[in-house]
Amino acid sequence: MKILYVTSEAVPFCKTGGLADVAGSLPPSLAKQGAEVAVVLPLYQKVKEKFGDQLYFECYDYVDLGWRHIYCGLFSLERDGVTWYFLDNEQYFARWELYGHLDDGERFGYFSRAVVKMLDRMKFWPDVVHYNDWQSALVPVYLKDDGVREDRYRSIKTVLTIHNIEYQGRYNPYVLGELFGLDAGWVKDGTLLMDGDLNLLKGAILCADAVNAVSPTYASELKMPYFAHHMESILQRCSDKLSGVLNGIDMKLYDPRTDPRIAANFSVEDMAGKTTDKAALQKLVGLREEPHTPILAMVSRLVSHKGLDLICEVLHDIMDLPVQMVILGKGDQKYEDFFRWASQQYPGRMSVQLDYNEDLSMAIYGGADLFLMPSKSEPCGLSQMIAMRYGAVPIVRETGGLKDTVQPRDAISDTGTGFTFAHYSSGDMLYVIREAVYLYKDYPDAFARLRQRAMECDFSWARSAREYLRIYANITGQEWPVSNGESAVRAAEAPAEAPTPVEEVPAEPAPAEEATAETAAAEVPVEAAAAEAPVEIPAAEVPAAAPPAVEAPAAEATVETPAAEVPVENAVPAEEAVEKPAMEAAEEIVPETEKAPKTSKKTAKKAAKTAKKSAKKGSNKK
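Quantities reported herein were computed from a predicted structural model and do not represent experimental measurements.

Here is what the cut-offs are and how they apply
Residues numbered from 1 in each chain as written. Predicted model: local features only at pLDDT ≥ 70, side-chain atom pairs only at ≥ 80, totals over all residues. Heavy atoms only, no water. Pairing = 2+ DSSP bridges. Helix = DSSP H or I, 4+ residues; strand = E, 2+ residues; numbered from the N terminus. Axes fitted to C-alpha atoms, helices over the stretch in contact; angles between N-to-C directions. Salt bridge = Lys/Arg side-chain N within 4 Å of Asp/Glu carboxyl O. Buried < 20%, exposed > 50% of the residue type's maximum accessible area, 1.4 Å probe, protein only. Phe/Tyr/Trp six-rings, centres within 6.5 Å; stacked < 30°, edge-to-face > 60°. pLDDT = per-residue confidence, 0-100. Contact = heavy atoms within 4.5 Å. Parallel < 35°, antiparallel > 145°, perpendicular 65-115°, else oblique. Nonpolar A, V, L, I, M, F, W, Y, C, P; charged D, E, K, R; others polar. Core = buried A, V, L, I, M, F, W, Y, C linked by side-chain atoms within 4.5 Å. Expected span 1.5 Å × (residues − 1). Right-handed = clockwise from strand over helix to strand, strands pointing away. Lys, Arg positive; Asp, Glu negative; His and termini not counted. Polar contact = N/O pair within 3.5 Å; in protein donor to acceptor, adjacent residues only side chain to side chain.

A.B. asks: Which parts of the structure should I look at to understand the sheet that holds strand β12 (residues 242-244)?
C.D. replies: The pairing of strands in a sheet comes from backbone hydrogen bonds and takes either a parallel or an antiparallel form. As summarised here, the arrangement of the nine strands in space is β3-β4-β5-β2-β1-β6-β7-β11-β12, forming an open sheet in which the pairing is mixed. Every other strand in the sheet has two partners, leaving β3 (56-65) and β12 as the edge strands with one partner each. Between one strand axis and the next, the sheet turns through 25° on average, direction left out of account. Relative to β12, strand β11 (residues 210-213) runs parallel, the two sharing three bridges. From the neighbouring strand, N212 faces β12, where its bridge partner is S243.

Following this line, the structure appears as structure tokens:
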């Protein structure tokens, strides 16, 4: 199976959020499962500077976008069993920031158009094009637009992954032709029109052969107005092709045993390094070096759906607890201003880093004791998985992927992997934060067991890759690839194997009357029945030409094992295997013409006796 994965960012080349982690990990996992995989993304300035000497120039061409005729270069790089393609155009991509520009619509419209244009320059023609979010949402639209003129585009199946439905790519519908080079019919028929706006994500959903969200719970939530941002009617209409596949993380990259990005390595068996990492974090971000005070951490974009309003409401109550707090991230100005002010109110106990720094984030994961994610909505979330991997016990709201990955702690049964709350309420959040802090302080053994269970969770991509391959197989009709001996799915979907023939064993000839009954059941001539052991055929396998058998009463019926499935040495003689009611029924349904004539010894003797009498009478007459 040939898969082309289209993304606007991917680790290790460029990253702003969880999409990059998914795009960097899923394609190699698909390749390990036996698929041919290529990934295509823009050639940003930071990618060129960091990986430019490793890129191979393939070719160049020109892309038509509205009235524009624009250069497009194609570069490639082989890595982790995947071919990584980069589309080059300095006018659009030679910028430090990936998003947030006034011409983002034109930039990613060009990107989608260029992906379709350069398909025949890549090393294979894809069976599936898998695209992500609004930045590549026009790929299936361009494929269908080109498919009107060229048949080869119609063979390509498309899959859309929704990472966050809040971002939809909404524009003025009057720019459809000038900006994206599409006919007005795409708006007039409603494919790209929603609430008076040009909506790229809506078009992507409607045009895709399959749509998936990044967790099962999020897939269900997308049909509800609270979570769908006005798209619930579209997802309800497309519910037959909507599914949820939980993301994973790179278990080798995020491994506290070997990670060089943390101060000291540690494991479930030896947690000594965790203490060193905690002291290093406190020193790094300006917290007091207190080994017995739990550190509550957040690594997040500072935007409303991350639940920051809840923290703002009860921040002083949180800081009244015996806890330290560290926050890393940037986003909306109002949240940045609030947390900047808050850190000044609690010097030495609260640290706020208004930036995104990969090394600092890993230091936080390695040194924190508790990890807070009170999201209003969270499609999947990777931070909680990484935190659990590094022994930072999660405190999360039960939504999206947070609900699917964190099992609530049960004190009675001593189970669970973290702390959860269901309602979007600052009071409920504060309650579980208090519970977590006091468990850490007052019951260290119970906290250690909870931390151990969290660290032992398996969030590898192998599981997710198998689910994606199943989606690809469903829409293409191809066989699901099997790798590493994993054949359960294929075995379940494959037709049952024919039973192994049983060697026929000669038997004593049956009496004529019994042979007649057996012959009726199996439709075997009497002569053959006398020569060899009769083989029973279950009623379900009797040819249609035979008259329907009369079923025995339910109370007397038993399940018969077909003779072909019974080992020879354990075979039961046919006359013993047939229940009496079944034999009687068999006798009733055999037509008179098919019944064996009952010319037995008795009949022969009678005929001989009659002949003898006739001869005697003739003799007497003489």
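A.B. asks: Sorry, what's going on with the pattern of salt bridges here?
C.D. replies: Should the charged atoms of two oppositely charged side chains come close, the side chains can pair. In this structure the tally under the stated criterion is 30 salt bridges. In this structure, D369 engages K278 in a salt bridge whose closest nitrogen and oxygen atoms are separated by 2.9 Å. Residue D369 is located in the loop between α15 (358-367) and β16 (370-373), and its partner K278 is located in helix α12 (residues 272-285); the two are separated by 91 residues in the primary sequence. In this pair, the class of D369 matches that of K278, namely buried. Within this structure, K15, D21, D259, R261 and E358 form a network of salt bridges that share partners.

A.B. asks: What am I meant to see in the packing of aromatic side chains here?
C.D. replies: Two measures describe an aromatic ring pair: the distance that separates the ring centres and the angle between the ring planes. Going through the model one piece at a time under the given rule, you end up with 22 aromatic pairs. For the pair F13 and F86, a centre-to-centre distance of 5.1 Å together with 75° between the ring planes defines the contact as edge-to-face. On the criterion of sequence distance, the pair formed by F13 in the loop between β1 (2-6) and α1 (18-32) and F86 in strand β5 (residues 82-88) is long-range, its members being 73 residues apart. Considering the side-chain rings of Y60 and Y62, the 6.1 Å spacing of their centres and the 85° angle between planes classify their relative orientation as edge-to-face. Residue classification places Y60 among the partly exposed positions, given a relative accessible area of 46%. Taken together, the ring pairs connect Y44, Y92, F93, Y110 and F111 into an aromatic cluster.

A.B. asks: When you look at the confidence of the model for the chain in this model, what are you seeing that I'm missing?
C.D. replies: When pLDDT drops low, the exact placement of atoms in the prediction is not to be read closely. Residues at a pLDDT of 70 or more form 77% of the chain, whose mean pLDDT is 83. Contacts of residues 483-604 to residues separated by more than four positions or lying in other chains number 74 contacts, the stretch itself having pLDDT below 50. This model gives residues 615-622 a pLDDT under 50, and the stretch forms zero contacts once residues within four places in sequence are excluded.

A.B. asks: Help me out: how do you make sense of the packing of helix α5 (residues 139-147) against helix α8 (residues 200-207) in this one?
C.D. replies: Packed helices, taken two at a time, are described by the angle their axes make and the gap between the axes. Running from amino to carboxyl end, α5 crosses α8 at an angle of 60°, the nearest separation of the two axes being 8 Å. Here α8 runs oblique to α5, going by the angle between their axes. Between α5 and α8, the contacting residues are P140, V141 and K144 on the first element and G203, A204 and C207 on the second. Across the contact of α5 with α8, the residue classes break down as four nonpolar, one polar and one charged.

A.B. asks: Would you mind showing me how to read the nonpolar core here?
C.D. replies: For soluble globular proteins, the rule of thumb is that nonpolar side chains tend to be buried together. One finds F86 and I205 to be the most contacted residues of the largest nonpolar core, which totals 103 residues. Of all the elements, helix α20 (residues 461-476) adds the most residues to this core, at eight residues. When neighbours within four sequence positions are excluded, F86 is seen to be in contact with F13, L41, P42, L43, V47, L55, G73, L74, F75 and L77.

A.B. asks: Would you mind showing me how to read helix α13 (residues 308-319) here?
C.D. replies: Side chains three or four residues apart in an α-helix point the same way, a direct result of the helix having 3.6 residues per turn. With 12 residues, α13 should cover 16 Å at 1.5 Å per step; its first-to-last C-alpha distance of 15 Å lies within 8% of that length. Residues of α13 that are buried: L308, L310, I311, V314, L315, I318 and M319.

A.B. asks: Sorry if this is basic, but what is going on with the pairing of strand β2 (residues 36-42) here?
C.D. replies: Looking along a regular strand, one sees the side chains alternate between the two faces of the sheet. Summarising burial for β2: six of the seven residues are buried, a large majority. Sheet topology note: the β1/β2 ladder contains five bridges and is parallel. The residue of β2 that forms the bridge with I3 is V37. Read from β1 through α1 to β2, the crossover connection turns out right-handed. Sheet topology note: the β2/β5 ladder contains five bridges and is parallel. Of the residues in β5, the one forming a bridge with L41 is F86.

A.B. asks: How should I be thinking about unusual backbone geometry in this particular structure?
C.D. replies: Glycine aside, negative phi is the norm for most residues, and most peptide bonds take the trans geometry. In this structure, P12 follows V11 across a cis peptide bond, with omega equal to 10°. Tracing the sequence through the fold places P12 in the loop between β1 and α1. The backbone of D195 sits at a positive phi, close to 55°, despite the residue not being glycine. By the secondary structure assignment, D195 is in the loop between β9 (193-194) and β10 (197-199).

A.B. asks: What is the right way to look at the side chain of R397 in this model?
C.D. replies: Here R397 shows up in strand β17 (residues 393-397). No salt bridge is formed by the buried R397; its nearest oppositely charged neighbour, E221, is found at 6.2 Å. Within polar-contact distance, the side chain of R397 engages the backbone oxygen of S375 at 3.3 Å. The contacts of R397, once residues within four sequence positions are left out, are M373, P374, S375, K376, L402, F421, A422, H423 and Y424.

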